[in-house]
Amino acid sequence: MKGLLTSLFIFLLFSGAASSQTLKSSAEYRKVLMGTAVRAYALPIDKRYRNTLAQNFNKITPENDMKMARVQPTEGVFTFAKADSVVEFARKNSMLIHGHTLVWHQEMPSWVERYRGNAPALEKILKSHIQTVVGHYKGKVQYWDVVNEAIERHGYRNTIWYDTLGKDFIRRAFIYAHNADPAAKLIYNDYDIATENQKSKKVLSLLSRLRKAGTPVCAVGLQMHISENGINYGSFRRMIQKYASLGLEVHITEMDVKIKKADEKTTVRSLEKQKVIYKKIARICAESPACKSFTTWGFTDKYTWIPGFTGGRYHKPLLFTESYARKPSFYGVIDGFRKAQPMDKR
Ligand code: G3I
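Owing to the predicted nature of the structure, the values given are computational and were not obtained by experimental measurement. (Residues numbered from 1 in each chain as written. Predicted model: local features only at pLDDT ≥ 70, side-chain atom pairs only at ≥ 80, totals over all residues. Heavy atoms only, no water.)

Surrounding the ligand, one finds 15 residues, the nearest of these being E63, K67, H100, E107 and E254. E107 is positioned such that a nitrogen or oxygen atom in its side chain is 2.8 Å from an oxygen atom of the ligand. In this structure, a nitrogen atom belonging to the ligand sits 2.7 Å away from a side-chain N or O atom of E254. Burial of the ligand by the protein chains amounts to 55% of its free accessible area of 790 Å². In the shell around the ligand, the residues fall into three nonpolar, five polar and seven charged. (Near = heavy atom within 4 Å. Polar contact = N/O pair within 3.5 Å; in protein donor to acceptor, adjacent residues only side chain to side chain. Areas by Shrake-Rupley, 256 points an atom, 1.4 Å probe, with all protein chains shown as cover. Nonpolar A, V, L, I, M, F, W, Y, C, P; charged D, E, K, R; others polar.)

What follows is the structure, encoded as structure tokens:
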């Protein structure tokens, strides 16, 4: 039987049928949602962007179009058109939607800053923003990054939200979101919390306190913006189990693996290292019952934040080239899901 399967696979491989492999089909096989971040402006102008997106992903996150500065640029004036176009694309292509993000210290509209120090007024802003945005997408957005990056290694990050409203703003933000759409799955999202360190320890205790207080937080989002040095994979497995022990789902929400700009020979080596990293992380997610989705922060090197953020020193962090060819990292994700030990994912 095994011989027959092997020859069938070889036939499929050389007949090109295997090339019809898609990221979402390999992930679905392991009961993992395959997600990516999307830029509204690229949808109407780039056919290959749309096609590659529709073929390979079943969950999408607006990279920037749902951020506070984009949807409420002026106090009390909500502008949803661009975010709506991403939601519309997702619904047309039977994709789930991951709303990003309701409360963050970046991409805040300038008018918010004037409420620094005025707790009652800022609380009203917080509540109204969350209730209006979540209410607008009620029944359409299945996941929300409610609070993003509120913790640092030493404890709470000093932001207008924490400095003015105190640490309990996090709990209240989740309650406002839950009241606006009780069916949505609410996530605390952050970076550098996928392995055991000072910061993930603080996030674990925050989430434990929130859960004990009955806060409607149901998942943790691990951003996973990493380099070609990879991560401590044993620690990653343990951290997933620690979050799961709190009754939380784990979502990989923003993965990319930046590689240093270098000569061609070095770049080929870096792309192979990148493939192994994506493979290992996909496999660990597939083998962890609590890990429910695997999302990359964009999917083509044509649209990524990395070069701009790193002054051009790093690039090519994703799964498809600028011209939408499948990179070694694409096959790394496929291999990771395929070689994962079967796991009973509830
Ligand atoms: O669209 C405008 C363009 O019209 C203008 O000419 C240009 C000049 O500044 O700016 C463009 O907007 C930029 C936008 O990315 C679109 O590319 C913003 O300035 C820039 O601030 C914005 O950066 C985004 C960043 O979050 C801040 O919001 C990145 O694309 C986005 O990838 C990044 O994503 C964050 C997650 O939301 C949270 N986790 C970390 C992650 C990386 O920082």
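The next subject is the environment of E152. Mapped onto the elements, E152 comes out in strand β5 (residues 151–152). Accessibility expressed as a relative area gives 24% for E152, which makes it partly exposed. Apart from residues no more than four positions distant in its own chain, E152 is found in contact with R157, N158, K199 and K202. In this structure the side chain of E152 is engaged in a polar contact, spanning 3.1 Å, whose partner is the side chain of H154. (Helix = DSSP H or I, 4+ residues; strand = E, 2+ residues; numbered from the N terminus. Buried < 20%, exposed > 50% of the residue type's maximum accessible area, 1.4 Å probe, protein only. Contact = heavy atoms within 4.5 Å.)

Another aspect to go through is the confidence of the model for the chain. Here the chain averages 95 in pLDDT, and 93% of its residues register 70 or above. Low pLDDT (under 50) marks residues 13–19, which in the prediction has four contacts with non-local residues, meaning those over four places away or in another chain. (pLDDT = per-residue confidence, 0-100.)

For the structure shown, the criterion picks out 21 salt bridges. The partner of D65 in a salt bridge is R70, and the shortest N-O contact between them spans 3.9 Å. Residue class for D65 comes out buried when judged on its relative accessible area of 8%. A residue is classified by how much of its surface remains accessible, and R70, at 36% relative accessible area, is partly exposed. Here R114 ties to E75 by a salt bridge, and the two come within 2.9 Å at their closest N and O atoms. With a gap of 39 residues between them, R114 in the loop between β3 (96–99) and α6 (119–136) and E75 in the loop between α4 (68–71) and α5 (81–92) connect regions that are remote in the sequence. For E75, a relative accessible area of 31% gives the class partly exposed. One salt-bridge network, in which partners are shared between bridges, spans E123, D168, R171 and R172. (Salt bridge = Lys/Arg side-chain N within 4 Å of Asp/Glu carboxyl O.)

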